[in-house]
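This is what each chain is made of:
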Amino acid sequence: MIADVIVDLQYGDCGKGKIAHALCRDKDYTHVIRYNGGCNAGHTIYHEGVKFVTHHIPCGVFFGIKSIIGPGCVVHVDTFLQEIKELENAGIPADDLVHIATNAHIITDFHRIEDGKDEEIGTTKRGNGPAYRDKYGRRGVRAVEDPRLSKYLVNMYQELYENDEFEEIEVLFEGAQGFGLDVDWGDYPFVTSSHCTVGSAILNGVPPRSIRDIWGVAKIYETYVGAKSFEGPEDIFEEIRELGQEYGATTGRPRQVNWMDFDMLKMASRINGINKLVINKMDILDEIDVWRAYSGPHMLEFSSRDDMEFWIQTKLQMDVNEDMKIYFSGDKEHI
Ligand code: IMP
Ligand code: MG
């Protein structure tokens, strides 16, 4: 078995959907598996020039690849069925390709109502936190118990280990949210209720040694949506928000913007053990031509894009992994 994992190194919304889409196009995956989160996620994907936003469904469906919502995820059934319908209507044959692990958990309507009352964390109000709470409280409902899902169910053990359909299983793990929102490593309590690191992918049923590439995804500046105050004081962040269209793909909320926190990027790169890194949205800072980042309390000012790229590359290769391959991307559909 071979597995590649995509992890977000900041606060979600760094362009994981784009990387997943590009890797599905270029590699030979037999499966794409979502490993955490629920319909709090919003993955923006440009497929043949057309924009799609997915919440539950992994992007393997755009390339005819079997796509599974893994045991680490929580699913809201109506949203899931609606999403399949929308993809089918748009000409993407999702219905036969999408599966849900029998042991994934259900987000009930009650979970949504409860999460809808949240004011402290600024959640997406999609029922995520209450669903995970009930899962770990051992009173949750698993996918296998909901008759509406019966045709989509898959037993992960059989699928990955007793499957004659494929000579070798090759999995792409598509993550949701990001390191800064991880329930253990993020800025608790302003976090989501699932794990957003590479460890989370392994929990979905593959051996650690099967992992080939760990793709970290970040942006050249940072964004965060939620209740804590995050945005820097400069007016320029308003401009970045507009240029970068930094509005939530799930809730439409404006994302707060700040300069890259390089130390967090380094920490997330180390903890995830990444060997490939994509830094997105270079085109946005190209437009304003201001190149800044924080390292601890210090704000670093770079004279040009080249200068900043060189600094990031040198530091990460020196401190994290000398063989790390880093891509600086300013394109919606390609790495
Ligand atoms: P929850 O995951 O809906 O419980 O929200 C917890 C925190 O994570 C809030 O600050 C949300 O805005 C944030 N969050 C959850 N999902 C995403 C996402 O996909 N992108 C960005 N932020 C997210
Ligand atoms: Mg998103």
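Residues numbered from 1 in each chain as written. Chains lettered and ligands numbered in written order. Predicted model: local features only at pLDDT ≥ 70, side-chain atom pairs only at ≥ 80, totals over all residues. Heavy atoms only, no water.

Trainee: What am I meant to see in the nonpolar core here?
Mentor: Among soluble globular proteins, nonpolar side chains are generally buried collectively. Core analysis: the largest hydrophobic core is formed by 90 residues, its most contacted members being Val61, Phe80, Phe173, Ile220, Ile240, Ile279 and Ile312. Examining the composition of this core, we find that five residues originate from one element, strand β11 (residues 211–219), more than from any other. Not counting the four nearest positions on each side in its chain, Val61 is found in contact with Ser67, Leu87, Ile92, Ala94, Leu97 and Val98. Among the nonpolar cores identified, the runner-up in size contains five residues, and Cys39, Ile107, Ala131 and Tyr132 belong to it. (Core = buried A, V, L, I, M, F, W, Y, C linked by side-chain atoms within 4.5 Å. Buried < 20%, exposed > 50% of the residue type's maximum accessible area, 1.4 Å probe, protein only. Helix = DSSP H or I, 4+ residues; strand = E, 2+ residues; numbered from the N terminus. Contact = heavy atoms within 4.5 Å.)

Trainee: Which parts of the structure should I look at to understand the sheet that holds β11?
Mentor: Hydrogen bonds between backbone atoms are what pair the strands of a sheet, whose relative direction is either parallel or antiparallel. Taken in spatial order, the nine strands of this open sheet run β9-β7-β5-β2-β10-β1-β11-β14-β17, and their pairing is parallel. In the strand order of this sheet, the two ends are held by β9 (153–154) and β17 (325–328), each with one partner. Two strands pair when backbone bridges link them, and β11 and strand β14 (residues 276–280) are joined in this way by five bridges, in the parallel orientation. Counterpart to Val217 in the pairing with β14 is Val278. Strands in contact with helix α1 (residues 16–26) are β1 (2–8), β2 (31–34), β10 (170–174), β11 and β14; relative to β1, the strand with the most contacts, it is inclined by about 160 degrees. (Pairing = 2+ DSSP bridges. Axes fitted to C-alpha atoms, helices over the stretch in contact; angles between N-to-C directions.)

Trainee: Would you mind going over the coordination of the magnesium ion (ligand 2) with me for this structure?
Mentor: Six octahedral donors at a metal ideally form angles of 90 or 180 degrees, and four tetrahedral donors ideally form angles of 109.5 degrees. Protein-derived ligands of the magnesium ion (ligand 2) are Asp13 (OD) and Gly42 (O), with the metal-ligand distances lying across 2.1 to 2.3 Å. Of this pair, Asp13 sits in the loop between β1 and α1 while Gly42 sits in the loop between β2 and β3 (43–47); the two residues are 29 residues apart in sequence, bridging distant segments of the chain. Judged by relative accessible area, which is 13%, Gly42 ranks as buried. (Donors = N, O, S within 2.8 Å, 3.2 Å for Na, K, Ca; no water.)

Trainee: Please clarify how the site of ligand 1 should be interpreted in this entry.
Mentor: Around ligand 1 sit 18 residues, and of these Asn40, Thr124, Thr192, Val225 and Arg253 come closest. Contacts to ligand 1 include Thr124, whose side-chain N or O atom sits 2.6 Å from an oxygen atom. Between ligand 1 and the protein, one listed contact pairs an oxygen atom with a backbone N or O atom of Val225 at 2.7 Å. Compared with its free state, where it exposes 470 Å², ligand 1 has 96% of that area covered by protein. Partitioning the shell around ligand 1 into residue classes produces seven nonpolar, nine polar and two charged. (Near = heavy atom within 4 Å. Polar contact = N/O pair within 3.5 Å; in protein donor to acceptor, adjacent residues only side chain to side chain. Areas by Shrake-Rupley, 256 points an atom, 1.4 Å probe, with all protein chains shown as cover. Nonpolar A, V, L, I, M, F, W, Y, C, P; charged D, E, K, R; others polar.)

Trainee: Just checking my understanding: could you explain the sheet that holds strand β12 (residues 221–224) for this structure?
Mentor: The four strands are arranged β12-β13-β15-β16 in an open sheet whose pairing can be described as mixed. Looking at strand neighbours, the two that pair on one side only are β12 and β16 (298–302), the edges of this open sheet. Going from strand to strand, the sheet's axes swing by 45 degrees on average, the running direction of each strand aside. Here strand β15 (residues 291–295) runs beside β16; their pairing, made up of five bridges, is antiparallel. Note that in β16 the partner of Arg292 across the bridge is Glu301. The strands touched by helix α7 (residues 236–243) are β12 and β13 (256–261); relative to β13, the strand with the most contacts, the crossing angle is about 100 degrees. Taken strand by strand, helix α8 (residues 262–272) contacts β12, β13 and β15, and its axis lies near 70 degrees from that of β13.

Trainee: I tried to follow α8 on my own but got confused; where do I start?
Mentor: Think of an α-helix as 3.6 residues a turn; residues three or four steps apart then line up on the same face. Phe262, Met264, Leu265, Lys266, Ala268, Ser269 and Asn272 are the residues of α8 that are buried. The N-capping residue of α8, defined by a side-chain oxygen 3.2 Å from the backbone nitrogen of Asp263, is Asp261. Gly273, located one to two residues past α8, shows a positive phi value of around 60 degrees.

Trainee: Hey, could you run me through the pattern of salt bridges in this one?
Mentor: Side chains carrying opposite charge are able to pair once their charged atoms draw close together. If you walk through the whole model with that rule in mind, you get 25 salt bridges. Taking the shortest distance from any N to any O, the salt bridge between Arg139 and Asp134 comes out at 3.1 Å. Judged by relative accessible area, Arg139 falls into the exposed class, the value being 54%. Among the residues examined, Asp134 registers a relative accessible area of 11% and is labelled buried. A single network of salt bridges, built from pairs that share partners, joins Asp13, Lys219, Glu246, Arg255 and Lys281. (Salt bridge = Lys/Arg side-chain N within 4 Å of Asp/Glu carboxyl O.)

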